[in-house]
Structures are given as structure tokens and as C-alpha cells.
Amino acid sequence: MDEAVGLLEGELEVGWRVSADLGTEDVWLAFLRFGQRLFNVSDAPDADGLLFQYGIYSFDGPAAFTLDLTRQFEAVDSAGNHDHYVQVHCELRYEITPALQGLGSFDSWFFHDAGEDLEEWAVGLSERAVWTTIRTLKPAQIRVYQEHV
């Protein structure tokens, strides 16, 4: 898990132009490659998950339409009990337009141990109306970071 941010940043650079030229679809494909990587996590249910969420937020600046692609890992203590979660975010921010404003907000989780297929989850998300609206857009900002929650 300690190398997760670097691995995601590496996926964003593999086969693509500099990050300023990355479009939404480029970032999504890089995130899915990152999501396919397996990490050494606890045996607890939902210890390794992917989150796709969007909406209009103003967490640390002016309001923007934000697509947040997150990988969440459960961290356990020496006794194997839940201690906290580590989240690796790839946050794409867009200037608010009427089309983006009309999308509202949404979130969807995928967990590696839940018996679902990552590719099916991704296809389902790419069939949503949001994808038609944002797939060809270039984000105004791409931010990759890690936090403990």
C-alpha cells in the first residue's frame, strides 16, 4: 500500500502524453489498470475497494465538478483489527457547465473480494449518462494524493 500513489502516478504516465494533455478517458483507463493490481491487504471483507464518485464540490477552493477515482485499503493493527483506511485519490476537476451541473452526484463501489468482475463494473459505469458528458473533456486539474480516514 505504501507504493500505491507512485503506482497510480506511473499508470497515468504509461503510454500517455504529459499529464496536462490527459483527457478523462485516458485517466479512467489508467485508474482501471491501477485497479487491476493486487496488493497485500488484510483478509477482512472489503479490504481493497475502488470508488467512482462525482458531483459539484468546493472542498479546498472554488466549486468545481469533481470526478474522484479512489482506491481504498483497510489498514489493520498488529492484532489484525481494523485501524484505519488508506485512500488513494485521483481527482479530476472541471469548470462547472450547465451539462455537468445537470448530472447531480453519484457514487459506486467495487470490492475485489465481493465476487464481482472489475471489467463489468467499469463497463456499467461507462454506460451512465455522465460518461457521455465527460469522456472527451480535459480536466482543468488532475490531483493524485493519499489520505488516512
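Preceding this section is the structure that the text describes.
What counts and what doesn't
- Sequence order as written defines the numbering, with residues in each chain counted from 1.
- Whole-chain, interface and lining totals are the exception, using all residues; otherwise, since this is a predicted model, local features are given only for residues with pLDDT of at least 70 and side-chain atom pairs are given and counted only at 80 or more.
- Values shown for side chains rest on all heavy atoms present in the structure; no hydrogens or waters enter the calculation.
- Strands are runs of DSSP state E lasting at least 2 residues, helices are runs of H or I lasting at least 4, and numbering of each runs from the N terminus.
- The globule rule used here is 2.2 Å times the number of residues to the 0.38 power, and the radius of gyration it is set against is calculated over C-alpha atoms.
- A pair of strands is considered paired only if DSSP assigns at least 2 bridges between the two.
- To obtain an axis, a line is fitted to C-alpha atoms, over the contacting stretch when the element is a helix, and the angle between two such axes runs from 0 to 180 degrees between their N-to-C directions.
- Two residues form a contact once any of their heavy atoms are found within 4.5 Å.
- For patch building, the residue pool is restricted to those with more than 30% relative accessible area and no salt bridge; the joining distance is 9 Å between like charges and 5 Å between nonpolar side chains (Val, Leu, Ile, Met, Phe, Trp, Tyr).
- With residues, only the protein chains shown are counted as cover, and all accessible areas are computed by Shrake-Rupley using a 1.4 Å probe.
- One side-chain nitrogen of Lys or Arg within 4 Å of one carboxyl oxygen of Asp or Glu is enough to make a salt bridge.
- Think of it this way: Lys and Arg go in the positive column, Asp and Glu in the negative one, and His and the chain ends go nowhere.
- Working definition for charges: the position is that of NZ of Lys, CZ of Arg, CG of Asp or CD of Glu.
- Whether two aromatic rings pair depends on their centres lying within 6.5 Å, for rings of Phe, Tyr and Trp, where Trp uses its six-membered ring; planes under 30 degrees apart make the pair stacked, over 60 edge-to-face, and the rest tilted.
- Any residue under 20% of the maximum accessible area for its type is buried, any over 50% is exposed, and the rest in between are partly exposed; the area is computed with a 1.4 Å probe on protein chains only.
- Polar contacts here mean pairs of N or O atoms no more than 3.5 Å apart (in protein, one a potential hydrogen donor and the other a potential acceptor; neighbouring residues in sequence count only if both atoms are side-chain atoms).

K.L.:
Before we go on, may I ask you to explain the overall build of the chain in this structure?
P.N.:
Along the chain, the regular secondary structure elements total five helices and five strands. Counting from the amino terminus, helix and strand elements in the chain follow one another as α-α-β-β-β-α-β-α-α-β. Expected size for 149 residues packed as a compact globule is a radius of gyration near 15 Å; at 16 Å, the chain falls within 12% of this value. Taken along its principal axes, the extent of the C-alpha atoms in the chain is 50 × 30 × 30 Å.

K.L.:
Looking at this structure, how should I read the sheet that holds strand S1 (residues 48–57)?
P.N.:
Within a sheet, each strand pairs with its neighbour through backbone hydrogen bonds, oriented either parallel or antiparallel. Ordered by their spatial adjacency, five strands build an open sheet running S4-S1-S2-S3-S5, and the pairing between neighbours is antiparallel. What marks the edges here is a single partner per strand, and that holds for strand S4 (106–111) and strand S5 (141–148). Looking at each pair of strands side by side, their axes are set apart by 15 degrees on average, direction ignored. Running over the sheet, helix H2 (residues 24–36) touches S1, strand S2 (64–76), strand S3 (82–94) and S5 and is turned about 10 degrees from S2. Strand contacts of helix H4 (residues 118–126): S1 and S4, with the helix running at about 170 degrees to S4, the strand carrying the most contacts.

K.L.:
I keep staring at a negative patch on the surface and nothing clicks. Help me out?
P.N.:
Negative charge collects at one region of the surface, where Glu116, Asp117, Glu119 and Glu120 lie side by side. By the element assignment, Glu116 lies in the loop between S4 and H4.

K.L.:
Whenever I open this one, the packing of aromatic side chains confuses me. Can you help?
P.N.:
Geometrically, a pair of aromatic rings is defined through the distance of the ring centres and the angle of the planes. Applying the stated rule across the entire model yields 14 aromatic pairs. Geometrically, the ring pair formed by Trp28 and Trp121 is tilted, given 6.1 Å between the ring centres and 50 degrees between the ring planes. Of this pair, Trp28 sits in helix H2 while Trp121 sits in helix H4, and the two are 93 residues apart along the sequence. Given a relative accessible area of 5%, Trp28 falls into the buried group.

K.L.:
Teacher, can you tell me more about the side chain of Ser108 here?
P.N.:
For Ser108, the location among the structural elements is in strand S4. Judged by its relative accessible area of 16%, Ser108 is buried. A polar contact is formed between the side chain of Ser108 and the side chain of Trp121, at a distance of 2.9 Å. Once you skip the residues sitting within four places of it in the chain, Ser108 turns out to touch Leu50, Leu51, Phe52, Trp121 and Leu125.

K.L.:
Can you walk me through the side chain of His89 in this structure?
P.N.:
Secondary-structure assignment places His89 in strand S3. Separated by 3.2 Å, the side chains of His89 and Gln87 make a polar contact. Reaching out from His89, the side chain makes a polar contact with the side chain of Glu147 at a distance of 2.8 Å. In this structure, His89 is in contact with Leu8, Asp68, Leu69, Thr70, Arg143, Val144, Tyr145 and Glu147, ignoring residues within four places of it in sequence.

K.L.:
Help me out: how do you make sense of the environment of Arg135 in this one?
P.N.:
Tracing the sequence through the fold places Arg135 in the loop between helix H5 (129–134) and S5. You can call Arg135 partly exposed: its relative accessible area is 35%. Measuring from C-alpha to C-alpha, the distance between Arg135 and Thr24 comes to 5.3 Å, with 111 residues separating the pair along the chain. Ignoring any residue separated from it by four or fewer positions in sequence, one finds Arg135 in contact with Thr24 and Glu25. Reaching out from Arg135, the side chain makes a polar contact with the side chain of Glu25 at a distance of 2.8 Å.

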